[in-house]
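Tertiary structure, described
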Amino acid sequence: EAGVAQSPRYKIIEKRQSVAFWCNPISGHATLYWYQQILGQGPKLLIQFQNNGVVDDSQLPKDRFSAERLKGVDSTLKIQPAKLEDSAVYLCASSLEDTDSSYNSPLHFGNGTRLTVT
Amino acid sequence: TQLLEQSPQFLSIQEGENLTVYCNSSSVFSSLQWYRQEPGEGPVLLVTVVTGGEVKKLKRLTFQFGDARKDSSLHITAAQPGDTGLYLCAGANSWGKLQFGAGTQVVVTP
C-alpha cells in the first residue's frame, strides 16, 4: 500500500512569513494526525482529525497555526505568521482506527516537512 | 499530563554488542508502542505491548512491558549498523491519547 505522502520535504522561510504543509494519508485511514518534532525531542501532537472532524487540538497554537481536512482525506497545516521557534519537522500520520477505540492502532507516518525559520 | 522519560538519551556501541534502552513513567498506560526513526524519515512502528509483564521478540529485538504497565524496555542483541536510529516509545492512556518520549539515539558502528 502507498504510504503517507507529505509535501514539501523542506521549506525555509523568514520569520513573520506564512507557510503551508500538505498531507495525503493512507487510503481508507479515518484518523489523521499532525505532529511537531523539534530537534532532539519526540513528536508532539498538534491536532488529530477523525474523518473531517477535529478530535483533539489542545496543543495547537491557534493564534498562528490552523489545519483543515475538508473532505476527510488529505489535510493542510498552516502557520501564519511563523516564529523562529517553529523550526521543526512537521510529521503527518494516519491510522485505520481512532486510538480512542483501539489502543493498539498503529500510526503510519510520512517522512515529514523540515521547516527552517530564519 | 503523562511524562515519558527515555534513557539513555544517546548510546554509541560497536557492532556485535548488546544494548538496552528504557522508557519510564509514573503513570499507567493502556498500551505502549515502540518506534524507530531514521534520519529524514518518519517513525516506523516496531511493536505494541498491551499486557503487564508481556515480552515480545522481533528477531534480535526484545521488548518488555513492566508488570505495572508504567515502564518498558527494549533490548537489542548483537547490534548491527542497520539498528542505528532514534528509538521512541509512545504510551496510550485510558482515553487512547498517545504521548511520545524524547527518544534514545542509538549509533552502531562497524
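Conventions and cut-offs
Residues numbered from 1 in each chain as written. Chains lettered and ligands numbered in written order. Predicted model: local features only at pLDDT ≥ 70, side-chain atom pairs only at ≥ 80, totals over all residues. Heavy atoms only, no water. Helix = DSSP H or I, 4+ residues; strand = E, 2+ residues; numbered from the N terminus. Rg over C-alpha atoms; globule rule 2.2 N^0.38 Å. Buried < 20%, exposed > 50% of the residue type's maximum accessible area, 1.4 Å probe, protein only. Contact = heavy atoms within 4.5 Å. Buried area = accessible area lost by both parts, 1.4 Å probe. Salt bridge = Lys/Arg side-chain N within 4 Å of Asp/Glu carboxyl O. Pairing = 2+ DSSP bridges. Axes fitted to C-alpha atoms, helices over the stretch in contact; angles between N-to-C directions. Phe/Tyr/Trp six-rings, centres within 6.5 Å; stacked < 30°, edge-to-face > 60°. Disulfide = S-S within 2.5 Å.

Digging into the overall build of chain A
Of the regular secondary structure elements, chain A holds 0 helices and 11 strands. Relative to its length of 118 residues, chain A is compact, with a C-alpha radius of gyration of 14 Å against a globular reference of 13 Å. Oriented by its inertia axes, the alpha-carbon framework of chain A measures out at about 40 × 30 × 25 Å. Within chain A, the proportion of its 118 residues that are buried is 46%.

What about the interface of chain B and chain A?
Taken together, the contact between chain B and chain A spans 23 residues of the former and 20 residues of the latter. Both faces considered, chain B and chain A share a buried interface measuring about 1500 Å² in area, 49% of it formed by carbon and sulfur atoms. For the pair chain B and chain A, the number of links is 1 salt bridge. Between lysine 97 of chain B and aspartate 56 of chain A there is a salt bridge, with its nearest N and O atoms 3.0 Å apart.

Examining the sheet that holds strand 6 (residues 55-58) of chain B
Think of a sheet as strands paired side by side through backbone hydrogen bonds, with each pair either parallel or antiparallel. All names here are of chain B. Taken together, 5 strands build an open sheet; the order of strands is 1-3-8-7-6 and the sheet is antiparallel. At either end of the open sheet lies a strand with only one pairing partner, and these are strand 1 (5-7) and strand 6. Taken over all neighbouring pairs, the strand axes of this sheet differ in orientation by 15 degrees on average, direction set aside. Here strand 7 (residues 61-65) pairs with strand 8 (residues 71-76) via 5 bridges, running antiparallel. Pairing of glutamine 64 across the sheet is with serine 73, part of strand 8.

Quick word on the sheet that holds strand 7 (residues 65-68) of chain A
Residues and elements named next belong to chain A. Reading across from one edge, 1-3-8-7 is the order of the 4 strands in this open sheet, with antiparallel pairing throughout. The sheet terminates laterally at strand 1 (5-7) and strand 7, the two strands that pair on one side only. Strand-to-strand twist of the sheet, defined as the mean angle between neighbouring strand axes without regard to direction, takes the value 15 degrees.

Observations concerning the packing of aromatic side chains
Evaluation of the coordinates by the stated rule reveals 9 aromatic pairs over all chains. Measuring from ring centre to ring centre gives 5.0 Å for phenylalanine 21 of chain A and tyrosine 90 of chain A, while their planes differ by 25 degrees; the resulting arrangement is stacked. Note that phenylalanine 21 of chain A is positioned in strand 3 (residues 19-24) and tyrosine 90 of chain A in strand 9 (residues 88-95), a separation of 69 residues in sequence. As far as the burial class goes, phenylalanine 21 of chain A and tyrosine 90 of chain A line up, both buried. Taken together, Tyr33, Tyr35 and Phe109 of chain A together with Tyr35 and Phe100 of chain B form an aromatic cluster joined through their ring pairs.

A look at the pairing of strand 8 (residues 75-79) of chain A
All names here are of chain A. Taking every second residue as pointing to the same face, the buried face of strand 8 carries Ser75, Leu77 and Ile79, while none of Thr76 and Lys78 on the other face is buried. The pairing of strand 3 with strand 8 spans 5 bridges and is classified as antiparallel. Along strand 8, the bridge assignment pairs phenylalanine 21 with leucine 77. The pairing of strand 7 with strand 8 spans 4 bridges and is classified as antiparallel. Across the sheet, the residue bridging to serine 66 is lysine 78, located in strand 8. Here strand 7 folds back onto strand 8, and the loop between the two strands holds 6 residues, one of which, glycine 72, carries a positive phi near 70 degrees.

A short note on the state of the cysteines
Under the criterion given, the structure shown has 2 disulfides over all chains. What pairs with cysteine 23 of chain A in a disulfide is cysteine 92 of chain A, and their sulfur atoms sit 1.9 Å apart. Classification of the bridge connecting cysteine 23 of chain A and cysteine 92 of chain A rests on its S-S torsion, roughly -70 degrees, and on that basis the disulfide is left-handed. Placement of the pair is cysteine 23 of chain A in strand 3 and cysteine 92 of chain A in strand 9, with a sequence separation of 69 residues. A relative accessible area of 0% places cysteine 92 of chain A in the buried class. There is a disulfide in this structure between cysteine 23 of chain B and cysteine 89 of chain B, and the S-S distance comes to 2.0 Å.

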